[in-house]
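The lines below spell out each chain.
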Amino acid sequence: MAHAIRVHKYGGPEAMSYEAVDVGAPGAGQVKLKQHAIGVNFIDVYQRTGLYPQPSMPFTPGNEGAGEVTAVGEGVTDLKVGDRVAYAGAIGAYADERLAPADKLVKLPDAIPYETGAAMMLQGMTVQYLLRRTYKVGPETTLLMHAAAGGIGLIACQWAKHLGATIIGTASSDEKCALAKAAGATHMINYKTENFVERVNQITGGKKCDVVYDSIGKDTFPASLDCLKPLGLFVTFGNASGPIDAFNAGILAAKGSLYMTRPTLNTYTATRADLVATAKDLFDVVASGAVKINVNHKFALKDAAQAHKDLEGRKTTGSIILLP
Ligand code: NDP
């Protein structure tokens, strides 16, 4: 019998229960997967609490995984039984076996283990579009990355360093700051003990940043805007501390004709061509060694609630996976 984590009612980590499930056979356009590892991401928390509502209840959380194809549904021509695959953005990942839409899957290169694949698809492809498309980061770029020791953060530090950027990161402890610095951050700010706006001003000699990547939301807004040069870009891409309240767009004028975007990976990988290109770019930097995926926490699938507690409790660094 297959097993999955199910959420019957939005709530805290305890809303997740480990249950026997009947997976069935893949329908048209689907494949059946035996999952070897499952990625845990902050979006899983938003979906569990109902901040990002689900179309129906109960649901199986989780958006990312890696495993092998065990059955192929009608109309699926580019995958076969035994293929090693990975994916992000297909809800229902917290399971040992699952059905998944074939068009969300990419073949995992042989050099990349399942655990790395499961840990990197969502965070890594997000970093790809943030640094390569939302803003084209290069050697002349100074950027601010909040939560620089997190899953997204450690990948972003390495990738932005590889692109030659000056990276100012924030994190909530000196240990986390040291980790992000080792991953490539040029400067780190402990935003628990230091005022990050003042420190960004100091570090840049008053010039500030071309782009701010903010996944914290409520707690760092609007201060993050004060870290930008005139015409700078504010990228608000997450809400770890809660969503940003409605605000008057005039603040963007007052702080220097700023640009603002609220991107999601879904938009950037909506076409098959974009998904494949984004994944390939990620596989290339991982295969070359420019970006190392830090799988710093592993839990049994049935212990998903503990993984969420640690993630929400800011106890984790790098990526988290569940093992069936
Ligand atoms: P992280 O590993 O970065 O964990 C979140 C981190 O946010 C914590 O470790 C913590 O770091 C920091 N944080 C600050 N305030 C809080 C708070 N009140 N509660 C909890 N954490 C807080 O998670 P991920 O790498 O999975 O995701 C990072 C962010 O990116 C999330 O906000 C996520 O939603 C977003 N995201 C957005 C995507 C998109 O396409 N828009 C796609 C993927 C992720 P510290 O202790 O150092 O402050």
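Computed from a prediction, not measured in an experiment: that's the story for all the values here. (Residues numbered from 1 in each chain as written. Predicted model: local features only at pLDDT ≥ 70, side-chain atom pairs only at ≥ 80, totals over all residues. Heavy atoms only, no water.)

J.: Got a minute to help me understand the site of the ligand in this structure?
T.: Taken together, 29 residues are adjacent to the ligand, and Y129, S172, K176, Y191 and R314 come closest. S215 places a main-chain nitrogen or oxygen 3.0 Å from an oxygen atom of the ligand. Take L265: an N or O atom from its main chain is 2.9 Å from an oxygen atom of the ligand. Considering the ligand on its own, with 900 Å² of exposed area, one finds that the protein chains cover 93% of that surface. Secondary-structure elements contributing two or more residues to the shell around the ligand are α1 (42-49), α2 (114-134), α3 (151-162) and α9 (304-312). For the shell around the ligand, the element with the highest residue contribution is α2, accounting for 4 residues. For the shell around the ligand, the class distribution of residues is 14 nonpolar, 11 polar and 4 charged. Composition of the shell around the ligand by domain shows at least three residues from each of domain 1 (2-121 + 293-323) and domain 2 (139-262). (Near = heavy atom within 4 Å. Polar contact = N/O pair within 3.5 Å; in protein donor to acceptor, adjacent residues only side chain to side chain. Areas by Shrake-Rupley, 256 points an atom, 1.4 Å probe, with all protein chains shown as cover. Helix = DSSP H or I, 4+ residues; strand = E, 2+ residues; numbered from the N terminus. Nonpolar A, V, L, I, M, F, W, Y, C, P; charged D, E, K, R; others polar. Domains from an automatic or database assignment.)

J.: Explain the packing of α2 against α3 to me, please; I cannot follow it from the model alone.
T.: One way to put it is that α2 packs onto α3 with a least axis distance of 9 Å and a crossing angle of 45°. As the angle between them shows, α2 and α3 are arranged oblique. For the crossing formed where α2 meets α3, the hand is right-handed. Here Q123, G124, T126, V127, Q128, L131 and R132 of α2 lie close against α3, whose contacting residues are G151, I152, I155, A156, W159 and A160. The residue inventory of the contact of α2 with α3, partitioned by class, reads 7 nonpolar, 5 polar and 1 charged. (Axes fitted to C-alpha atoms, helices over the stretch in contact; angles between N-to-C directions. Parallel < 35°, antiparallel > 145°, perpendicular 65-115°, else oblique. Left-handed = near helix turned anticlockwise from the far one by under 90°. Contact = heavy atoms within 4.5 Å.)

J.: What is the right way to read the packing of α1 against α9 from this model?
T.: When two helices pack together, their arrangement is captured by the angle between the axes and the distance separating the axes. Taken N-terminus to C-terminus, the directions of α1 and α9 make an angle of 110°; their axes are 10 Å apart at the nearest point. When the interaxial angle is binned, α1 and α9 end up roughly perpendicular. Note on element contacts: α9 touches α1 through H308, L311 and E312, opposite F42, D44, V45 and R48. Looking at side-chain class alone, the contact of α1 with α9 contains 3 nonpolar, 1 polar and 3 charged residues.

J.: It is not clear to me how the packing of aromatic side chains should be interpreted in this structure. Could you clarify?
T.: Both the distance between ring centres and the angle between the ring planes are used here to describe each pair of aromatic rings. In this structure the tally under the stated criterion is 6 aromatic pairs. Consider the rings of Y129 and Y268, whose centres lie 4.1 Å apart with planes at 10°: the pair is stacked. Of this pair, Y129 sits in helix α2 while Y268 sits in helix α7 (residues 265-268), and the two are 139 residues apart along the sequence. Of the residues examined, Y129 reaches a relative accessible area of 2% and is grouped as buried. Chaining the aromatic ring pairs together yields one cluster made of F42, Y46 and Y52. Geometry around Y114 places R84 over its ring, the cationic atom sitting 4.5 Å from the centre. (Phe/Tyr/Trp six-rings, centres within 6.5 Å; stacked < 30°, edge-to-face > 60°. Buried < 20%, exposed > 50% of the residue type's maximum accessible area, 1.4 Å probe, protein only. Lys NZ or Arg CZ within 6 Å of the ring centre and 35° of its normal.)

J.: I tried to follow the nonpolar core on my own but got confused; where do I start?
T.: Here is a general trend for soluble globular proteins: nonpolar side chains tend to be buried in one another's company. By size, the foremost hydrophobic cluster in this structure holds 55 residues, and its most contacted members are M121, L131, L143, W159 and Y213. Per element, the largest residue contribution to this core is 11 residues, and it comes from α2. In terms of domain composition, this core takes at least three residues from each of domain 1 (2-121 + 293-323) and domain 2 (139-262). Once residues lying within four places of it in the same chain are set aside, the contact partners of L143 are L131, V137, A160, A165, T166, I167, I168, C209, V211 and Y213. Listed in part, the 28 residues of the second largest apolar core include I5, A90, A304 and L322. (Core = buried A, V, L, I, M, F, W, Y, C linked by side-chain atoms within 4.5 Å.)

J.: Explain the pattern of salt bridges to me, please; I cannot follow it from the model alone.
T.: A pair can form between side chains of opposite charge whenever their charged atoms are brought close. Evaluated as defined, the whole model comprises 13 salt bridges. The partner of E312 in a salt bridge is R48, and the shortest N-O contact between them spans 2.8 Å. Of this pair, E312 sits in helix α9 while R48 sits in helix α1, and the two are 264 residues apart along the sequence. Salt-bridge contacts for R199 lead to E194; the nearest nitrogen and oxygen are separated by 3.0 Å. (Salt bridge = Lys/Arg side-chain N within 4 Å of Asp/Glu carboxyl O.)

J.: Sorry, what's going on with the domain arrangement of the protein chain here?
T.: Accessible area lost upon the coming together of the parts is a frequently used measure of interface size. The domains assigned to the protein chain are domain 1 (2-121 + 293-323) and domain 2 (139-262). The C-alpha-based centres of domain 1 and domain 2 are spaced at 29 Å. Facing the 12 residues of domain 1 at the interface are 16 residues of domain 2. For the interface between domain 1 and domain 2, the tally reads 0 salt bridges. Our enumeration of links across domain 1 and domain 2 arrives at 7 residue pairs in polar contact (both at pLDDT 80 or more).

J.: I would appreciate a short explanation of helix α5 (residues 196-203) in the present structure.
T.: Residues separated by three or four positions in an α-helix point in the same direction, a consequence of the helix having 3.6 residues per turn. Residues of α5 that are buried include every one of F196, V197 and V200, and no others. Buried residues along α5 cover an arc of 105° about the axis, so they all sit on one side. Across α5 from its buried face, at more than 90 degrees, point the exposed residues E198 and Q202. Buried residues in α5 make contact with β8 (142-145), β9 (166-171), β10 (187-190) and β11 (209-214). Where α5 begins, the capping side chain belongs to N195, and its oxygen is found 2.9 Å from the backbone nitrogen of V197. G205 sits one or two residues past α5 and shows a positive phi near 60°. (Arc of directions from axis to C-beta.)

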